[in-house]
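Each chain, written out:
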Amino acid sequence: MRRTTLSRATAAAVGTLAMFATTALTGAVPATAALSASAAPAPIPAAIGHRMVSGQFPTPLTPSQCQAQFQASCYGATQLEQGYDEHPLLDRGINGAGRTIVIVDSFGSPTIQHDLDVYSAQYGIPSTNVQVVKWGTVPPFDPGNSDMTGWAEETTIDVDMAHAMAPGAKIVLVETGVSEQEGTTGFPEMMAAEDSLIKQGVGDVITQSFGATENTFPGFDQGDYSSLLNLRYAYKDAAAHGVTVLASSGDNGVTDAESDGSTLYPYPVTSWPPSDPLVTGVGGTTVKLDDNGNRLSPDSVWDDPSTGGGASGGGKSKVFSRPLFQLGVQSTVGNSRGVPDISMVGDPNTGVWTYNSFGPQDDGWELWGGTSVASPVFSGVVALADQVAGHRLGNLNYGLYALGAAQQAGAKWTGINDVVGGSNTYNNVPGWPVTPGYDMATGWGTVDVAKFVPTIAAFG
């Protein structure tokens, strides 16, 4: 869940696909529930954006087993690495070695190291030591606190997905003590923590599965954006130090949600930080893979227009004008900063497995979706590119848009795979059409890692 807009989680009946949406983080939607007819998940804070697809399992199922049981797909590290064509790089030792991914989450998870070890062993990849940095006063973990457990789920998603894509990279997990919500709540601690690490030289890429609707920042209705703009200092320092910053684009299409996670906007809105020009916004796609990770069909936009189903977040910023790197897509974004820039797997119907052991409602293998998956997945790709380049790549957007324009012009070497068709319509609010080239549902589309990594590295 990349942004601060959350959608309400809905209970799942036995044998059906449990769909949960809580959009906190740009388009991210948190949700939790056991695969039980009586499951009734507690409200999730507006700062988390992941969607649960199933309850707990003793072992992860294969994609074909998930199709048989849920009429949905499910992927582990094995399928993700094959599906995104990582093996040509992994076989050459390009696995993120020497690079550091920074993950920021409220509260964190008390069992993150053990749970990553279990995840890694399941998929035959080496685990890594998760360096935990507690920023400020982080309260003791309470497995009965739905806010904390929601963030713990998010933490596991972020760590597992980053590690799945860059198993050789170092992971630094920053835990903050204030839950990020709509408006400015939680952001001061998160930005201060990020800025501190940046100034210490820690981290090559930062992935953020949180965000808030631009409209909820104090002063927005009066045209005063200072409460948001005053939080950008960490991103300015990231740009100055060559650190790449990513953020999930959201899970409720163009609608976002109110701070209590229950009210969707009846008109298009966007969220920050994905709307920030210093940040690369990551949207969500539907990815169809077989048990070995081979693609069964081209990726499509994550688009389930019914309430509760979710859709890739995207749209036009009301705060930021069109940045220079989007000059070539002016016909799409107009005079505004358009979101997202790129997309990765996010549809809960083509979800990912994680392992949790921090509480009775989270004890086993669980299946998740949302742009909270997409951003950490892409952070692993960036770590690979940093390794190839031999240095940090910084703000990716200029290189990304150059590659996107080349792909649209017919170049076959860019590693960008266009996504065409559909829209990110959600809750009867018309979304943006998914067109050839750039659009405000999938950005430039998705990537073939073996091709994309060396080409984006060349722009650094």
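Residues numbered from 1 in each chain as written. Predicted model: local features only at pLDDT ≥ 70, side-chain atom pairs only at ≥ 80, totals over all residues. Heavy atoms only, no water.

### Comments concerning the overall build of the chain
Looking only at helices and strands, one finds twelve helices and 18 strands in the chain. A burial count over the chain gives 64% of its 460 residues as buried. Summed over all atoms, the accessible surface of the chain reaches about 14,100 Å², with 53% contributed by carbon and sulfur. (Helix = DSSP H or I, 4+ residues; strand = E, 2+ residues; numbered from the N terminus. Buried < 20%, exposed > 50% of the residue type's maximum accessible area, 1.4 Å probe, protein only. Areas by Shrake-Rupley, 256 points an atom, 1.4 Å probe, with all protein chains shown as cover.)

### Remarks on the confidence of the model for the chain
Residue-level pLDDT values for the chain average 87, and 86% of them are 70 or greater. Per-residue pLDDT stays below 50 along residues 1–48; that stretch engages in 287 contacts with residues further than four places along the chain or on separate chains. (pLDDT = per-residue confidence, 0-100. Contact = heavy atoms within 4.5 Å.)

### Describing empty space enclosed by the protein
Across all of its chains, the model carries one cavity of 30 Å³ or more by this definition. In this model, the largest cavity occupies a volume close to 40 Å³. Lining of the largest cavity is provided by Ser249, Gly253, Asp256, Val269, Thr270, Ser271, Pro274, Ser275, Gly313, Gly314, Gly315 and Val339. Here the residues of the lining of the largest cavity are counted per class, giving three nonpolar, eight polar and one charged. (1 Å grid on protein atoms, 1.4 Å probe; cavity = no way out; pocket = protein on both sides within 12 Å on 5 of 7 lines; lining within 4 Å. Points joined across faces, edges and corners; volume = space filled by probe spheres on them. Nonpolar A, V, L, I, M, F, W, Y, C, P; charged D, E, K, R; others polar.)

### What about the packing of helix 11 (residues 397–408) against helix 12 (residues 449–458)?
Relative to each other, helix 11 and helix 12 sit at 125°, their axes nearing to 9 Å. For the element pair helix 11 / helix 12, the angle class is oblique. Viewed along their axes, helix 11 and helix 12 form a crossing whose handedness is right-handed. Across the interface between the two elements, Gly399, Leu400 and Leu403 of helix 11 pack against Phe452, Thr455 and Ile456 of helix 12. For the contact of helix 11 with helix 12, a count of residues per class yields four nonpolar, two polar and no charged. (Axes fitted to C-alpha atoms, helices over the stretch in contact; angles between N-to-C directions. Parallel < 35°, antiparallel > 145°, perpendicular 65-115°, else oblique. Left-handed = near helix turned anticlockwise from the far one by under 90°.)

### Things to note about the pattern of salt bridges
Counted under the stated rule, the structure contains eight salt bridges. For Asp204, the salt bridge identified is with Arg99, shortest N-O distance 3.4 Å. Of this pair, Asp204 sits in the loop between helix 6 (187–200) and strand 6 (205–208) while Arg99 sits in the loop between helix 3 (87–90) and strand 3 (100–106), and the two are 105 residues apart along the sequence. Arg99 gets classed as buried once you look at its relative accessible area, which sits at 15%. A salt bridge links Lys199 to Asp195, with the shortest nitrogen-to-oxygen separation between them at 3.2 Å. You can see Lys199 and its partner Asp195 sitting in helix 6, four residues apart, about one turn around the helix. Looking at Asp195, the relative accessible area reads 7%, which means it is buried. By sharing partners, the salt bridges in this structure join Arg99, Asp204 and Arg392 into a single network. (Salt bridge = Lys/Arg side-chain N within 4 Å of Asp/Glu carboxyl O.)

### Thoughts on the state of the cysteines
Taken as a whole, this structure holds one disulfide when the rule is applied. A disulfide bridge connects Cys66 with Cys74, and the sulfur atoms are separated by 2.0 Å. Between Cys66 and Cys74, the S-S torsion sits near 100°, and that sign places the bridge as right-handed. Given a relative accessible area of 0%, Cys66 falls into the buried group. (Disulfide = S-S within 2.5 Å.)

### What to know about a nonpolar patch on the surface
A contiguous nonpolar patch, built from Leu324, Leu327 and Tyr398 and spanning about 340 Å² of accessible area, is present on the exposed surface. Examined against the element boundaries, Tyr398 turns out to sit in helix 11. When its relative accessible area of 46% is taken as the criterion, Tyr398 is described as partly exposed. (Patch = residues over 30% accessible without salt bridge, like charges linked within 9 Å, V, L, I, M, F, W, Y side chains within 5 Å.)

### A short note on the nonpolar core
Tyr84, Met344, Trp353, Phe378 and Phe452 are the most contacted members of the largest nonpolar core, which totals 70 residues. Here this core takes nine residues from helix 10 (residues 371–389), the largest share from any one element. By size, the runner-up hydrophobic cluster in this structure holds 30 residues, among which are Val102, Phe210, Tyr235 and Val279. (Core = buried A, V, L, I, M, F, W, Y, C linked by side-chain atoms within 4.5 Å.)

### Examining the packing of aromatic side chains
Per the counting criterion, the structure on display carries 20 aromatic pairs. For the ring pair Phe141 and Phe358, a centre distance of 5.6 Å and an interplane angle of 80° mean the geometry is edge-to-face. Separated by 217 residues along the polypeptide, Phe141 in the loop between strand 4 (130–135) and helix 5 (146–165) and Phe358 in strand 15 (residues 350–359) bring together distant segments of the chain. Taken together, Phe187, Phe210, Phe217, Tyr235 and Trp272 form an aromatic cluster joined through their ring pairs. Just above the ring of Tyr84 sits the side chain of Arg295; from NZ or CZ to the centre is 5.2 Å. (Phe/Tyr/Trp six-rings, centres within 6.5 Å; stacked < 30°, edge-to-face > 60°. Lys NZ or Arg CZ within 6 Å of the ring centre and 35° of its normal.)

### Quick word on unusual backbone geometry
The linkage connecting Trp272 with the following residue, Pro273, adopts the cis geometry, with an omega of 20°. When you line up the elements, Pro273 lands in the loop between strand 9 (271–272) and strand 10 (280–286). Across the junction of Val339 and Pro340, the peptide omega takes the value 0°, indicating a cis bond. You can see Pro340 is positioned in the loop between strand 13 (336–339) and strand 14 (342–345). One non-glycine residue, Phe107, lies in positive phi territory at about 70°. Position of Phe107 among the secondary structure elements: in the loop between strand 3 and helix 4 (112–122). Of note, the phi angle at Asn427 is positive, near 55°, even though the residue is not glycine. Mapped onto the fold, Asn427 is located in the loop between strand 17 (416–417) and strand 18 (446–447).

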